[in-house]
Every structure is written in structure tokens, then in C-alpha cells.
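Residue-level structure breakdown
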Amino acid sequence: MKIMSINAGSSSLKFSLFDMTTENVLISGLFERIGIEGGSYTLKYNGEKIKVEEELPDHSVAVKILLEKLIELQVIKNLEEIQGVGHRIVHGGDKYTESVMVTDEVVNDIIKFSDFAPLHNPAHAICIKAFREVLPNTPMVVVFDTAFHQTIEKARYLYPVPYKWYEEYHVRKYGAHGTSHRYIAIKLSEELKKDNLNIISCHLGNGGSITAIRNGKCVDTSMGFTPHAGIMMGTRSGDIDVSIVPYVMEKEGKSATEIMNDLNKKSGFLGISELSSDSRDIEKGIKEGNEKCILAEEMFVNSVVKYIAQYYVLLGRVDAICFTAGIGENSPETRLDIIEKLAPLGIKMDIEKNNIRGEFAKISTDDSSVSVYVLPTNEELMIAKDTMNIINR
Ligand code: ADP
């Protein structure tokens, strides 16, 4: 069974075509600058990378090129071979608690929830429409990034603000990265051959979030009403005192939107280091003795440790702390800095075992109070699996 996994942004479209019998990716790629001058696409196939510069006026054009290429490259003989398409959706509001088949009602809801994800949800809807036009008979599924967090209880998802904000404007914690955290929960259970695991899942990428998982279900997560909340990130501040917003608005004569842009795009690693949002540049800066990089790393680590410690208490029994995504999978230094600060909880890193990148491994000592793992995430595969399971139901 061949399933296509799609992740569309406002001007991009990422895809992977899976052979679900082996779970191997047959071809993957990225269409960029859709609707913007200077469009291009990259395809990864048979160990080769092909890049083509071509204007991409809208998502429909990108989808058409994508499907033509699959046939041209003989990845598939005809479009019927694609037995399902799974779309990643950033926001499912508080309505969607799991992945569902695409219907007109679902597409309308995705548009309706655009208020919560103004850059992403409209693009998802456009992309679904484009796929439905060229593959009218192919079943499609949507996988919501917020769905996994819908098991959080009310006392944790509400903010202590006027209740009316929740009732009338739906202000509450929704979380993000749910597909990644769910993948981690399922995959770790498979790897350890154990059910009922309590996990603190640390998705540390350019965006980052920490999730407390009890017995496969999310009990709390660090991102909030938007992905802005929680730990410090590449360019996002994470949690701050909200009074800073009107204070700096006044100082700099900026609008709320402009300040939000500063908090989203010019803060985090980039804001503190004044150098880069990329943790590799920060690590390089640290080696060169750059004080601001050293400070940025320490602040990042502190913010992660704060959430892990909080969730340690929340879960009561923790079977695993799991590192994933760009930084989590690839930075032994950052992992070590985090685990060293958790020493009061009896959590201990095995420095030698920690010296790995991008592969599943236990990296804590045998006498550590909690086992610590690195586990590469695979959101695309999770989307493809949900799609297959729902189609087969
Ligand atoms: P996102 O999906 O949120 O864009 P990623 O999960 O790709 O982010 O993570 C990006 C972050 O991971 C960057 O800070 C980058 O420096 C870091 N990263 C990615 N690959 C590596 C690597 N090989 N070594 C060290 N850090 C890496």
C-alpha cells in the first residue's frame, strides 16, 4: 500500500510517499516559494537529490507537478497506486481529538480554525482542495497537531483569565507538535516492548515543546494557546511576562503585531546570541568563547529543565525522558547540559552512550533514577500510518 504524507505551509509543500509494507520512503520532496516569485522544488529519490527552478503560482500547480513527476520517475505507474493521502493540520481547535477522514465538513472546520493558526490552516485547506481535484477518488485523512493534547484536563488547559475568554473566544491551551509526541510515545513502547509508559517527551527543534505522557495519553504540554508558549526556541521567546508586550510597544512605538513578530522571529537563541537561531552556530560560538552564545545555551537549558522537573512531579512515576527533533537528536552537548541540571532528581547521563546522533539509544547510566533516550521522530510516518489505519477501518 502506497500512502502520501503531506505537510503544507502557506508557501511550501513537503511530501513523502511511503510504501507501507516496509514503511520505507519511496520519494520525498519539498516545493518552495509557492505563490512567490522564484519558486523551486527538490525531490529526493533513489539516493539522489534533484532541484528544479520553476515558478509555482499556487498549490494546485505544485500538486500537479508532484504527481506528474512520480509517474515520470516511474515511482508509480498510475495515480491509482496512491491509495491514500494524509495531510498534517496544525490546528483542529477543541473539536478534533484524533485523525479523521477528509469530508467537506472537516475542510470547513479547518478553515474555521484559521483564527488560531492564520498562516497554516488556510494553506492546509487549499492544499487538500488541490489534491481532491487531481485525486477525486483517493481517500484522504487529516492528522491534527493539536489532537494528541486534547486529553489534557481542564484545570491544566485553562488560563487563569476571565472565564468568558474561554467560553466566547476559546482561549485555552491547545499545544502543538502532537503528532511528534504521539509518535514518540508509540515508538518508545514498541522499542522497549512495554505498555503503560510514563514519558517526558522533549521535542527540541527550531520550535520546541515538552510533553508529559501518562500511559500513552498527553497530560500536559509546554506550548499553549499558540506555539509561542513554553521553552525558549530558535527565534521564539517561549514563556514571558505578558506585561512586557505593552511596555515595549510604548517604548518602541510598535503595534502588538510588530511586537509579536519580535517575540516570534527575533527572540530565543537569535535574540540572546544576536548571532543565529541555529543551535549549531550557538555551539560553535560557545567553543569560541562567545559570551552571548554561552548565555543563550544556559537560558535554553534552564527553560527545558524547568518543564522536565515540573512534569516529573506531575507524572509521579517517570519511565523515560526522551529527546527528539533537530537538537534533541543531534546535540550531545545540549542533552548533557540538561541532564546534569536534573542531578537532584537522581537522573544521570552516561557520557559515552550520549555520544550519538540521530539514532535510537539509551543514554543514561544504569543507576539513573529515570532512563533517558534519544529517539528520532518521524511525523511523516505517523501521518501515513494514521491514514492507512483509518482507510482500512
Ligand atoms: P524544525 O522542524 O522545528 O524546523 P528541526 O527539528 O529541524 O526544526 O531542528 C532544527 C534545530 O536542530 C536547529 O537548531 C539545528 O541547529 C538543530 N540541528 C539539526 N541538525 C543538527 C545536527 N546535525 N547537529 C546539531 N544540531 C542540529
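The structure we're discussing is the one just above.
Residues numbered from 1 in each chain as written. Predicted model: local features only at pLDDT ≥ 70, side-chain atom pairs only at ≥ 80, totals over all residues. Heavy atoms only, no water.

1. Brief notes about the overall build of the chain
What counts is decided by this rule: A run of H or I in DSSP becomes a helix once it reaches four residues, and a run of E becomes a strand once it reaches two; helices and strands are each numbered from the N terminus. Radius of gyration here is computed from C-alpha atoms only, and the compact-globule reference equals 2.2 Å multiplied by the residue count raised to the power 0.38. Relative accessible area decides the class of each residue, using a 1.4 Å probe on protein chains only: under 20% of the type maximum gives buried, over 50% gives exposed, and in between gives partly exposed.
The helix and strand inventory of the chain stands at 14 helices and 14 strands. The C-alpha radius of gyration computed for the chain amounts to 21 Å, which stays within 12% of the reference 21 Å derived for 393 residues, consistent with globular compactness. By its C-alpha atoms, the chain is 60 × 55 × 45 Å across when sized along the principal axes. In the chain, buried positions account for 51% of the 393 residues.

2. Focus: the site of the ligand
So the rule is basically this: Summary of the distance rule: residues count as near a molecule or strand when at least one heavy atom falls within 4 Å of that molecule or strand. Any pair of N or O atoms that falls within 3.5 Å is considered a polar contact. Within protein, one atom must be able to donate a hydrogen and the other to accept it, and sequence-neighbouring residues count only if both atoms are side-chain atoms. Shrake-Rupley sampling with a 1.4 Å probe provides the accessible areas, and residues are treated as covered by the protein chains on show and by no other component. Polarity classes work like this: nonpolar for Ala, Val, Leu, Ile, Met, Phe, Trp, Tyr, Cys and Pro, charged for Asp, Glu, Lys and Arg, and polar for all others, with Gly in that last group.
All residues in the neighbourhood of the ligand are listed as Gly205, Asn206, Gly207, Asp278, Ser279, Arg280, Ala325, Gly326, Ile327, Asn330 and Arg357. Taking serine 279, its side chain carries an N or O atom lying 2.9 Å from an oxygen atom of the ligand. In isolation the ligand offers 570 Å² of accessible surface; the protein chains occlude 65% of this area. Where the shell around the ligand is concerned, the elements lending two or more residues are α10 (279–287) and α12 (325–330). A per-class count over the shell around the ligand returns two nonpolar, six polar and three charged.

3. Considering a nonpolar patch on the surface
Put simply, the rule is: The residues that make up patches have over 30% relative accessible area and no salt bridge, and they are joined within 9 Å when like-charged or within 5 Å when they are Val, Leu, Ile, Met, Phe, Trp or Tyr. We define a salt bridge as a contact between a side-chain nitrogen of Lys or Arg and a carboxyl oxygen of Asp or Glu at a distance within 4 Å.
Residues Tyr159, Val161, Trp165 and Tyr169 make up a contiguous nonpolar surface patch of about 360 Å² in total accessible area. You can see valine 161 is positioned in the loop between α4 (154–157) and α5 (163–169).

4. Considerations on the packing of aromatic side chains
Rules: Only centres within 6.5 Å qualify two rings of Phe, Tyr or Trp (six-membered ring in Trp) as a pair; their planes then separate them into stacked at under 30 degrees, edge-to-face at over 60, and tilted for everything else.
Within this structure, the stated rule accounts for 12 aromatic pairs. Relative to tyrosine 174, the ring of phenylalanine 116 has its centre 5.0 Å away and its plane inclined at 40 degrees; by these criteria the two rings are tilted. With a gap of 58 residues between them, phenylalanine 116 in the loop between α2 (104–112) and α3 (121–134) and tyrosine 174 in the loop between α5 and α6 (178–192) connect regions that are remote in the sequence. Both rings, one in tyrosine 157 and one in tyrosine 166, keep their centres 6.0 Å apart while their planes meet at 50 degrees; by these two values the pair is tilted.

5. A short note on the pairing of strand β4 (residues 40–45)
As a general feature of sheets, a regular strand has side chains that alternate between the two faces. This is how it is decided: Two strands are counted as paired when DSSP detects at least two bridges linking them.
Counting buried positions along β4 gives five out of six residues, so the element sits mostly inside the fold. As paired strands, strand β3 (residues 24–32) and β4 are joined by six bridges and run antiparallel to one another. Following the sheet pairing, isoleucine 27 is matched in β4 by tyrosine 45. Counting the residues that bridge the hairpin from β4 to strand β5 (residues 48–53) gives two residues, and of these asparagine 46 lies at a positive phi of roughly 55 degrees.

6. Looking at the nonpolar core
To be explicit about the condition: Each nonpolar core is a collection of buried residues, namely Ala, Val, Leu, Ile, Met, Phe, Trp, Tyr and Cys, held together in the definition by side-chain atoms within 4.5 Å. Between two residues, a contact is recorded if the distance between any of their heavy atoms is within 4.5 Å.
Counting residues in hydrophobic clusters, the biggest one holds 42 residues, and the most contacted among them are Met4, Ile6, Leu13, Phe15, Phe31, Leu70 and Phe131. When residues in this core are grouped by element, the largest group, six residues, is from helix α1 (residues 59–72). Beyond its immediate chain neighbours, meaning those up to four positions away, phenylalanine 31 contacts Ser11, Ser12, Leu13, Phe15, Ser40, Tyr41, Leu56, Ala62, Ile65 and Leu66. Within the second largest apolar cluster, 40 residues are counted, among which are Ile231, Val301, Ile327 and Ile356.

7. What about the pattern of salt bridges?
One pass over the full model with this rule turns up 24 salt bridges. For lysine 254, the salt bridge identified is with aspartate 262, shortest N-O distance 2.7 Å. Overall, lysine 254 belongs to the partly exposed group, its relative accessible area being 25%. Here glutamate 298 makes a salt bridge to lysine 341, at a shortest N to O gap of 3.6 Å. In this pair, glutamate 298 sits in helix α11 (residues 291–315) while lysine 341 sits in the loop between α13 (332–340) and β13 (361–362), placing the two residues 43 residues apart along the sequence. The exposure class of lysine 341 is partly exposed, given its relative accessible area of 35%. Taken together, the salt bridges that share partners define one network made up of Lys95, Glu105, Asp109 and Lys112.

8. Here we look at the sheet that holds β4
Sheet strands line up and pair through hydrogen bonds in the backbone, either parallel or antiparallel. What counts, and what does not: For every element, the axis is a line fit to its C-alpha atoms; helices are fit only across the contacting stretch, and the angle between N-to-C directions ranges from 0 to 180 degrees.
The strand order β5-β4-β3-β2-β1-β6-β8-β7 describes an open sheet built from eight strands, whose pairing is mixed. Strands at the two margins of the open sheet, each flanked by one partner only, are β5 and β7 (100–101). As defined by bridge partners, strand β2 (residues 13–19) adjoins β3 across seven bridges and the pair is classed as antiparallel. If you follow leucine 13 over to β3, its bridge partner there is phenylalanine 31. Running over the sheet, α2 touches β6 (82–89), β7 and β8 (140–144) and is turned about 30 degrees from β8.

9. Here's the deal with the side chain of threonine 221
One can find threonine 221 in strand β11 (residues 217–221). Within the structure, threonine 221 has its side chain in polar contact with the backbone oxygen of isoleucine 210 (distance 3.3 Å). Setting aside anything within four residues of it in sequence, one finds threonine 221 in contact with His149, Ile152, Lys173, Gly175, Ile210, Thr211 and Tyr311.

10. Looking at the packing of helix α7 (residues 244–252) against helix α8 (residues 256–265)
To keep things clear, this is the line we draw: We call two directions roughly parallel when the angle between them is under 35 degrees, roughly antiparallel when it is over 145, roughly perpendicular when it lies between 65 and 115, and oblique otherwise. Left-handed is the label given to a crossing in which the near helix is rotated counterclockwise from the far helix by less than a right angle, and right-handed is the label when the rotation is clockwise.
Relative orientation of the contacting elements α7 and α8 amounts to 110 degrees, with a least axis distance of 10 Å. As summarised for this structure, α7 and α8 are arranged roughly perpendicular, according to the angle between their axes. For the pair α7 and α8, the sense of crossing is right-handed. Facing Val245, Val248, Met249 and Glu252 of α7, the residues of α8 in contact are Ala256, Ile259, Asp262 and Leu263. Considering only residue class, the contact of α7 with α8 consists of six nonpolar, no polar and two charged.

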